[in-house]
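# Working through the structure, step by step
One-letter residues, chain by chain:
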Amino acid sequence: MAKNNNAPSWLGILRELLEAFLKSSGGSTRSRTWNQHVVPYEDGWAVRREGNKRISSKHRKQSTAIRKAKSLARKYKAHVIIHRQDGTIRDRIDYD
């Protein structure tokens, strides 16, 4: 049986699929940040890494949460974003 030269090869198809996947997922150029958000949580405050759904730690007082977020941000040369009780941004501290 003769091979049809017009038909795409399996390697070409694989390459196209891989390129489409990398393009849709952001490829390897998107890196995670270590920015720390101090957010209201239940009846207290929490520290949450940017992009995460889960919290890193929870605290009764906002000042304690801010202290924890600052230590993490210093360690990873990131930012601390402090939110108010209503979720709006109150302050931003840069450690980079």
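Everything below is about the structure shown above.
Note that this is a predicted model, so its numbers are computed, not measured.

## What to know about unusual backbone geometry
- For Glu42, which is not glycine, the phi torsion reads 50° and is therefore positive.
- With respect to the helices, strands and loops of the structure, Glu42 is situated in the loop between strand E1 (36–41) and strand E2 (44–49).
- Positive phi, normally seen in glycine, also occurs at Lys77, with a value near 50°.
- Structurally, Lys77 is set in the loop between helix H2 (62–76) and strand E4 (79–83).
- On the basis of relative accessible area, Lys77 is assigned to the exposed category, the value being 60%.

## Points about the pairing of E4
- Here E4 lies mainly inside the structure; five of its five residues are buried.
- Of the two faces of E4, both are covered, the one formed by His79, Ile81 and His83 as well as the one formed by Val80 and Ile82.
- In the sheet, E1 pairs with E4 via three bridges, with the strands oriented parallel. Paired with Val38 across the bridge in E4 is Ile82.
- Pairing between E4 and strand E5 (residues 89–94): five bridges, direction antiparallel.

About the cut-offs
- Residues numbered from 1 in each chain as written.
- Predicted model: local features only at pLDDT ≥ 70, side-chain atom pairs only at ≥ 80, totals over all residues.
- Heavy atoms only, no water.
- Helix = DSSP H or I, 4+ residues; strand = E, 2+ residues; numbered from the N terminus.
- Buried < 20%, exposed > 50% of the residue type's maximum accessible area, 1.4 Å probe, protein only.
- Pairing = 2+ DSSP bridges.

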